[in-house]
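Summary of the model geometry
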Amino acid sequence: MEYSEKVMEHFRNPRNVGEIENPDGVGRVGNPVCGDIMELYIKVKDGVITDAKFKTFGCGAAIATSSMVTELVKNRTIDEALKISNRAVTEALGGLPPIKMHCSVLAEGALKKALDDYRGRISVLTSGEQAKKLLTAVNSGV
Amino acid sequence: MKRIYLDNAATTPTDERVLEAMLPFFSEMYGNPSSLHAFGQEAKYAIEEARYIAAQFIGARQEEIVFTSGGTESNNTAIKGVAYARRDKGNHIITSKIEHHAVLEPCHFLEKQGFEVTYIPVDQFGLVDPADVKKAITGKTILISVMHANNEIGTIEPIAEIGKISRDKGIYFHTDAVQTCGHVPVDVSELSVDLFSASGHKLYGPKGVGILYIRKGVRILPFMHGGDQEQGRRASTHNVPGIVGFGKAVELAREEMAKEMEQLTMLRDKMIKGILTGIEYARLNGHPKERLPNNVNVSISYVEGESMLLNLDMEGIACSTGSACTSSSLEPSHVLAATGLSHELAHGSLRFTLGKLTSEEDIDYTLTRLPVIIGKLRAMSPLYKKEVK
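Since this is a predicted model, take the numbers as computed values, not measurements. (Residues numbered from 1 in each chain as written. Chains lettered and ligands numbered in written order. Predicted model: local features only at pLDDT ≥ 70, side-chain atom pairs only at ≥ 80, totals over all residues.)

Along the backbone of chain B there are 13 helices and 12 strands. In terms of overall dimensions, chain B is globule-like: its C-alpha atoms have a radius of gyration of 22 Å, near the 21 Å expected for 389 residues. When the backbone C-alpha atoms are referred to their principal axes, chain B occupies close to 75 × 55 × 35 Å. Once local pairs closer than 6 in sequence are excluded, the contacts in chain B between residues at least 24 apart make up 72%. (Helix = DSSP H or I, 4+ residues; strand = E, 2+ residues; numbered from the N terminus. Rg over C-alpha atoms; globule rule 2.2 N^0.38 Å. Contact = placed C-beta atoms within 7 Å.)

Along chain A, the regular secondary structure elements total five helices and three strands. For chain A, the succession of helices and strands along the chain, N to C, is α-β-β-β-α-α-α-α. Dimensions of chain A along its principal axes, counting C-alpha atoms only, are 70 × 30 × 25 Å. Counting over 142 residues, chain A shows a buried share of 40%. Contacts in chain A between residues far apart in sequence, at least 24 positions, make up 61% of those at least 6 positions apart. (Buried ≥ 20, exposed ≤ 12 C-beta atoms within 10 Å, placed from the backbone.)

Let us look at the interface of chain A and chain B. The partner chain B presents 19 residues to the 17 residues of chain A that form the contact. Mapped by element, the contributors of at least two residues to the side of chain A that touches chain B are α1 (5-12), β2 (36-45), β3 (48-57) and α2 (60-73) of chain A. Of all the elements, β3 of chain A adds the most residues to the side of chain A that touches chain B, at three residues. Each residue belonging to the side of chain A that touches chain B can be placed in one class, and the counts come to 10 nonpolar, four polar and three charged. (Nonpolar A, V, L, I, M, F, W, Y, C, P; charged D, E, K, R; others polar.)

We now examine the domain arrangement of chain B. Residue and element names in this part refer to chain B. Here the domain parsing of chain B yields domain 1 (4-10 + 257-388) and domain 2 (16-253). Contacts between the two partners involve 22 residues from domain 1 and, on the opposite side, 21 residues from domain 2. Looking at the side of domain 1 that touches domain 2, the elements that each hand over two or more residues are α8 (240-278), β10 (295-300) and α10 (334-338). Among the elements that make up the side of domain 1 that touches domain 2, the one with the highest residue count is α10 (four residues). For the side of domain 1 that touches domain 2, the per-class residue count stands at eight nonpolar, 11 polar and three charged. (Domains from an automatic or database assignment.)

Residues and elements named next belong to chain A. Strand order in the open sheet formed by three strands is β1-β2-β3, and the pairing between neighbours is antiparallel. Every other strand in the sheet has two partners, leaving β1 (25-31) and β3 as the edge strands with one partner each. Direction aside, the axes of adjacent strands within the sheet are offset by 15° on average. Bridging between β1 and β2 involves seven bridges; their strand directions are antiparallel. Residue Gly 30 lies in a different strand from β2, and its bridge partner there is Ile 37. This element, α2, spans β2 and β3 of the sheet and lies at about 175° to β3. (Pairing = 2+ DSSP bridges. Axes fitted to C-alpha atoms, helices over the stretch in contact; angles between N-to-C directions.)

Our focus in this paragraph is α1 of chain A. Within α1 of chain A, burial applies to Val 7, His 10 and Phe 11 of chain A. Angular distribution of buried residues about the axis of α1 of chain A spans 105°; they occupy a single face of the element. (Arc of directions from axis to C-beta.)

Residue and element names in this part refer to chain A. At a minimum axis distance of 8 Å, the contact between α1 and α2 shows a crossing angle of 85°. Looking at the two axes, α1 sits roughly perpendicular to α2. In this structure, α1 uses Val 7, His 10 and Phe 11 to contact α2, whose residues at the interface are Gly 60, Ala 61, Ile 63, Ala 64, Ser 67 and Met 68. By residue class, the composition of the contact of α1 with α2 is six nonpolar, three polar and no charged. (Parallel < 35°, antiparallel > 145°, perpendicular 65-115°, else oblique.)

Dropping the structure here:
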């Protein structure tokens, strides 16, 4: 099995390793039994992903796809990030060996979960703010 | 960059003296040993000399040695050859759960052909209990095959005891000695084996050659049909340079094995101690004592084997792992699983197998690099922070 030069480059020097304190979204996928676990953290400002970090337990491909997905989502809007597929991650890495394709699926999964997590928090927040507005309006006798 | 080869269980470098012995048999003494003329006869003499050395080395008779293309062929011939030759006597085979694929796959194949196979479990150290083998024997058992030492975890099996049980019951007994022949003393009579496989490239000989010892009187059905080479037990023109190389490798092993065992045991123990004391959450796989002199197999918690292997490779250090991530099946090592090791720890396993070219500096260097690599990967691991903090 051979990895592309790009995969090895990201494996050697993974980008954005670590956690974000007070993240706006977290995606956690995989389990130790299957051999890969990824955690993806995102920070969002005005609908744009300003920072992304990861922690991964897994093989060379798992680390490289995690690293690449953090690079791909930075400075993207939420809608743009939602369109990033496992194929886009694989292509950006110059391909993956067939038996390692599941790593890119895992990376996409971690991203989708982080985005879902973010949207979940926003909707709670939004509904909270709307309720507050409504309450203020009621109190002021509108 | 300095390169350190710690994967001698996968293959060993061909000893220069072996290569030198082989070279004349490519374009000077190129005759076919089956030819009656002088060209053929000098080649024939060379392979018979190699056969004599090999036979002597394992305590066998010359005519009991069949040259093959390697360990896989020897194992296939032994298992399928006995199964088909004795089909009228029974259809049951006993083997262990930790055999090499070159034994397990022929067994799986035979299961599809109507044979029944019992796979004996092992304990946490990878040892087969001879009592379990005895219990598994039925009136239909025609063959028992248990490896001499395991290629992944290095555990040396109680072959002589199993051999005695087989002999008492009159059942053929095969051992895959690919990891032991040339590395620890082997004697087919002491081990009470009827069939014994060894490979050239695991003992500083060339690739593409091996032997199958078949005790006199043991009948097998050959699966290479053609000329009457090897007394009709294995057709095909002899691989003369390979066979000569095998003979030379065994000759060198005979002279140098004892010293090598001593040196490797010292380095092995230093490495095991260095890893277990220098790295937190590391454990030894395999048996602490009944172990090949060159085998170090450890599991490192919270990190995955392939990423450790690749990082070591970037530092010039070659080893192997039982992690699923390096296998096409995505299943971790069947051997580690059979010892009861969790998936997580099997994923984090590393095997270092030392050889006669391994120096103490090589071990020291590896022991300084490994903790750094593990530290880097643990810093990246979501498992480490949760379990440890």
